[in-house]
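Single-letter residue listing:
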Amino acid sequence: MAFQALLGKRVLLVIGGGIAAYKALELIRLLQKAGAKVRAILTQAGAQFVTPLSVSSLTQDQVYRDLFDLTSEAEMGHIQLSRDADLVVVAPATADLMAKATHGLANDLASTTLLATDKRVLMAPAMNVRMWEHATTQRNLKQLSKDGVLFVGPDAGDMACGEYGPGRMAEPAAILAAIEDCFASESSGVLPASLAPQPLAGRKILITAGPTHEPIDPVRYIANRSSGKQGYAIAAAMSELGAETVLISGPVQLPNPVGVKVVRVETAEEMLKATQKQLPVDVAICAAAVADWKVDRQSDQKLKKSKGAPTQLSLTENPDILKTISHMKKKRPKLVIGFAAETEDVVKHAQEKRARKKCDWIVANDVSPGTGIMGGDHNTVHVITEDNVDDWPSLSKEKVAKKLGEKIAAHFAPSSKAKKDRVESVRV
Ligand code: C5P
C-alpha cells in the first residue's frame, strides 16, 4: 500500500545547509526505490555539505541551484519547477529556510520556490538545539503549521555540535514514511496524526499508569481499583503531540497506545526501577495508583488454607516514585506532574500534596464513590500549579489527556514564564 503511494509521484527536494544534508542523499535513494521521481534544489549552504555532483548522480537530473541561472531558467523556470512537483520536501530545513518561508522572503531559488509553490510542503527541521528552541524558530514553526506546512521531526539526541536535545533531522526512513502519509492523506482528505502539528516533538515524556500488585504469595496480591485509562490516554495524547513517549504500566487490561513504548511492571519497586531506567526525560507524569504498602515478607509458597488464616499481614511502605523523582538533584525532569485522587477537600489536599512531594503540578480529582471516575471514561480535574488552580469541566479521559498535553506544550513554549526562566538559567 505505502509503497504504491509513491509510485510515479514527483518530489521536489530542497536540500538546505546543515550537517544533516548527507541524509538527504539516502532519502533520494529511498524515494526512488519507492517509485518516486526526485528533482533536487541545493542551496548555496547545502552545497557546502553535499556536492552537486553526488546529488545529480542520484537524481539523474541537473541540480537546481541558482535563481539567476539562465540555462535553468530557459529550460525550466523557477515557477514551473515549484509547480511541476506533487510535493515539496525540505530536508534539512534549516532555521534560515524556515524563517524565510515564514516571512515570504524570496532571494534565492529555494526560498522563491517555497513562495511560488501551490503544492504541499513537508519540512524536516535540523538545527542546533538552542536554535530550535529559540522563540523565533518556535514562532516560525507555529506560523508555518498554521499556513499548512507539514513537519516531520526533529528528533532529540546527541548533536554534531556536542549538545543534546531536539534538533536532529528525522531519519530518512521516517521522512519517507511522512511523505507516504502526505500522499495517502491527499486521497483520504484526512491528515494523519503523524503530520499534525507536533508541539512536543523532541521532548521525552514518561508516564506511570495503572495500579501496582503487591504479592502476598505466588498467587495472591494487594491491589486497587485503578483501570489505567487516564494514564494510557495521556500517553496516547503525548505521542500524538510528537513526544517520544514511554509508559510504565502496572497490570491493566488495555492495549498499548499507538507509537508509545510500553514497559509493563507489577510492583511499586519494579515501577520505580523502570522509571529510573528511562531518565533523563523532559516531563514525568505520575498517573499510577501505586500501592502505598507492600507485604513485608511475601511467602515463596502458596499459603495453605488448611493452615488457617494468617493472623497478621505485616506491611511496609513502598517507595514513592513521584516524590523520588521530584527530589532528584541531577536527573530531575524539567516538569514533574503528579495526580491526587481525593474524596474530600480535593483542591486543598492536592495543594498540600504538591508541596509535600515537591512536584511542579498536581492533577486533582474527586474519586468519591458515586463520581464514577475510578474505572470510568470521564474525569473532572483541577490542575494545580505553583500559583494557580485551573478547574476543568467534566471531560472524557481522552480530552483531559489532550488538554494536559496542550498545557505542557504551552509551558515549554517560548512565551511562557517557565521558558524564560529556563533560558535565563542557561545564560547564567
Ligand atoms: O500519596 P498519593 O498516593 O495520594 O499521591 C498520588 C501521587 O503520587 C500520584 O501521582 C501517584 O502516581 C504518586 N505516587 C507514586 N508512588 C507512590 C505513591 C504515589 O508515584 N508510592
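Residues numbered from 1 in each chain as written. Predicted model: local features only at pLDDT ≥ 70, side-chain atom pairs only at ≥ 80, totals over all residues. Heavy atoms only, no water.

Points about the pairing of strand β7 (residues 164-168)
What counts is decided by this rule: The pairing criterion for strands is at least two bridges between them, as found by DSSP. A run of H or I in DSSP becomes a helix once it reaches four residues, and a run of E becomes a strand once it reaches two; helices and strands are each numbered from the N terminus.
Where strand β6 (residues 155-158) lies against β7, four bridges are found, and the strand directions are antiparallel. Note that in β7 the partner of Asp 155 across the bridge is Arg 168. Counting the residues in the hairpin turn of β6 and β7 gives five residues, including Gly 162, whose phi is positive at 95°.

Quick look at helix α14 (residues 346-357)
Helical geometry: 3.6 residues make up each α-helical turn, so side chains three or four residues apart lie on a common side. Threshold: Given the number of residues in a helix, its expected span is that number minus one, multiplied by 1.5 Å. Any residue under 20% of the maximum accessible area for its type is buried, any over 50% is exposed, and the rest in between are partly exposed; the area is computed with a 1.4 Å probe on protein chains only. Note that the arc is computed from the directions linking the helix axis to the C-beta atoms.
Across its twelve residues, α14 extends 16 Å between first and last C-alpha, which sits within 8% of the 16 Å expected from 1.5 Å per residue. Listed in full, the buried residues belonging to α14 are Val 346, Ala 350, Lys 353, Arg 354 and Lys 357. Along the long axis of α14, the arc covered by the buried residues comes to 105°, so they all point the same way.

Structural notes on the sheet that holds strand β19 (residues 381-385)
Threshold: For helices, the fitted axis covers only the stretch in contact; all axes are lines through C-alpha atoms, and the angles between them, taken along N-to-C directions, range from 0 to 180 degrees. Contact criterion: two residues are considered in contact whenever any of their non-hydrogen atoms come within 4.5 Å of each other.
Spatially, eight strands are ordered β12-β11-β8-β13-β16-β17-β19-β20 in an open sheet, and the strand pairing comes out mixed. The open sheet has two edge strands with one neighbour each: β12 (261-264) and β20 (388-391). Taking each pair of neighbouring strands and ignoring which way they run, the sheet shows an average axis angle of 15°. Helix-sheet contacts for helix α15 (residues 397-412) involve β13 (283-286), β16 (335-342), β17 (361-366), β19 and β20, and the interaxial angle to β17 is about 160°.

Considering the site of the ligand
Counted only if it meets this: Any residue with a heavy atom positioned within 4 Å of a molecule or strand is treated as near that molecule or strand. The term polar contact refers here to a pair of N or O atoms within 3.5 Å; inside protein, the definition further demands a hydrogen-donor-capable atom paired with an acceptor-capable atom, and it admits residues adjacent in sequence only when both atoms are side-chain atoms. Method for areas: the Shrake-Rupley scheme with a 1.4 Å probe, in which residue coverage is limited to the protein chains shown. Amino acids are sorted into nonpolar (Ala, Val, Leu, Ile, Met, Phe, Trp, Tyr, Cys and Pro), charged (Asp, Glu, Lys and Arg) and polar (every other residue, Gly among them).
Close to the ligand lie Cys 286, Ala 288, Val 290, Pro 319, Asp 320, Ile 321, Leu 322, Gly 338, Phe 339, Lys 353 and Lys 357, which account for all nearby residues. Measuring from an oxygen atom of the ligand, one finds a side-chain N or O atom of Lys 353 at 2.3 Å. About the coverage of the ligand: the protein hides 85% of its 450 Å² of free accessible area. For the shell around the ligand, the per-class residue count stands at seven nonpolar, one polar and three charged.

Structural notes on the domain arrangement of the protein
Here is the rule we go by: Domain borders in the structure are assigned automatically or taken from a domain database.
Domain assignment breaks the protein into domain 1 (4-195) and domain 2 (204-297 + 312-420). For domain 1 and domain 2, the distance between their C-alpha centroids amounts to 38 Å.

Focus on the packing of helix α2 (residues 21-33) against helix α3 (residues 52-59)
This is how it is decided: Any angle between 65 and 115 degrees counts as roughly perpendicular, while under 35 counts as roughly parallel, over 145 as roughly antiparallel, and the rest as oblique.
Running from N to C, α2 and α3 cross one another at 5°; their axes reach a closest spacing of 10 Å. Comparing the axis directions of α2 and α3 gives the class roughly parallel. Here Leu 25, Ile 28, Arg 29 and Gln 32 of α2 lie close against α3, whose contacting residues are Ser 54, Val 55, Leu 58 and Thr 59. Of the residues belonging to the contact of α2 with α3, the class tally is four nonpolar, three polar and one charged.

Re the sheet that holds strand β3 (residues 87-93)
Spatial strand order, β2-β1-β3-β4-β5: five strands in an open sheet with parallel pairing. Because the sheet does not close on itself, it has two edges, and the strands there are β2 (37-42) and β5 (150-151). Alignment of strand β1 (residues 10-15) against β3, held across four bridges, turns out to be parallel. Directly across from Leu 13, in β3, lies its bridge partner Val 89. Most of the contacts of helix α7 (residues 109-116) go to β2, to which it runs at about 125°, and overall it touches β1, β2, β3 and β4 (120-125).

Describing the side chain of Ser 249
Looking at where Ser 249 falls in the secondary structure, it is placed in strand β11 (residues 244-249). What makes Ser 249 buried here is its relative accessible area of 0%. Excluding anything up to four places from it in sequence, Ser 249 contacts Ala 209, Tyr 232, Val 262, Val 263, Arg 264, Val 265 and Met 271.

A look at the environment of Asp 360
The topology assignment puts Asp 360 in the loop between α14 and β17. For the pair Asp 360 and Leu 335, spaced 25 residues apart in sequence, the C-alpha separation works out to 6.2 Å. Once you skip the residues sitting within four places of it in the chain, Asp 360 turns out to touch Arg 332, Lys 334, Leu 335, Val 336, Arg 354, Ile 384, Thr 385 and Glu 386. Within polar-contact distance, the side chain of Asp 360 engages the side chain of Arg 332 at 3.1 Å. A polar side-chain atom of Asp 360 sits 2.7 Å from the main-chain amide nitrogen of Val 336.

Some details on unusual backbone geometry
Here the bond from Ala 91 into Pro 92 is cis, since omega is -5°, no more than 30 degrees from zero. Its identity is not glycine, yet Asp 345 carries a phi of approximately 40°, on the positive side. At Lys 358, a residue that is not glycine, the phi angle is positive and equals roughly 65°. Note that Lys 358 resides in the loop between α14 and β17.

A word on α3
All buried positions along α3 are accounted for by Val 55, Ser 56 and Thr 59. Each buried residue of α3 lies within a common arc of 95° when the element is viewed along its axis, so the set occupies one face. Just beyond α3, the residue with positive phi is Gln 60, at close to 55°.

A closer look at the state of the cysteines
Definition in use: Our working definition of a disulfide is a cysteine sulfur pair at a distance within 2.5 Å.
Following the criterion strictly, the structure yields zero disulfides and no others. This cysteine, Cys 359, is not joined by any disulfide, and Cys 286 carries the nearest cysteine sulfur, 8.2 Å off. A relative accessible area of 3% means that Cys 359 is categorised as buried.

Comments concerning the nonpolar core
For clarity, the threshold we go by: Within this scheme, the nonpolar core is defined by two criteria: the residues are buried Ala, Val, Leu, Ile, Met, Phe, Trp, Tyr or Cys, and they are joined through side-chain atoms within 4.5 Å.
In terms of nonpolar packing, the biggest core is built from 36 residues, with Leu 13, Ile 15, Leu 31, Val 55, Val 89, Ile 175 and Ile 179 touching the most fellow members. When contributions to this core are tallied by element, the ones reaching two or more residues are β1, α2, β2, β3, β4 and α10 (172-188). At seven residues, α2 tops the list of elements feeding residues into this core. If we skip the residues at most four places from it in the chain, Val 89 touches Val 11, Leu 12, Leu 13, Val 14, Leu 27, Leu 122, Ile 175 and Ile 179. Within the second largest apolar cluster, 33 residues are counted, among which are Val 252, Val 260, Ile 337 and Ile 408.

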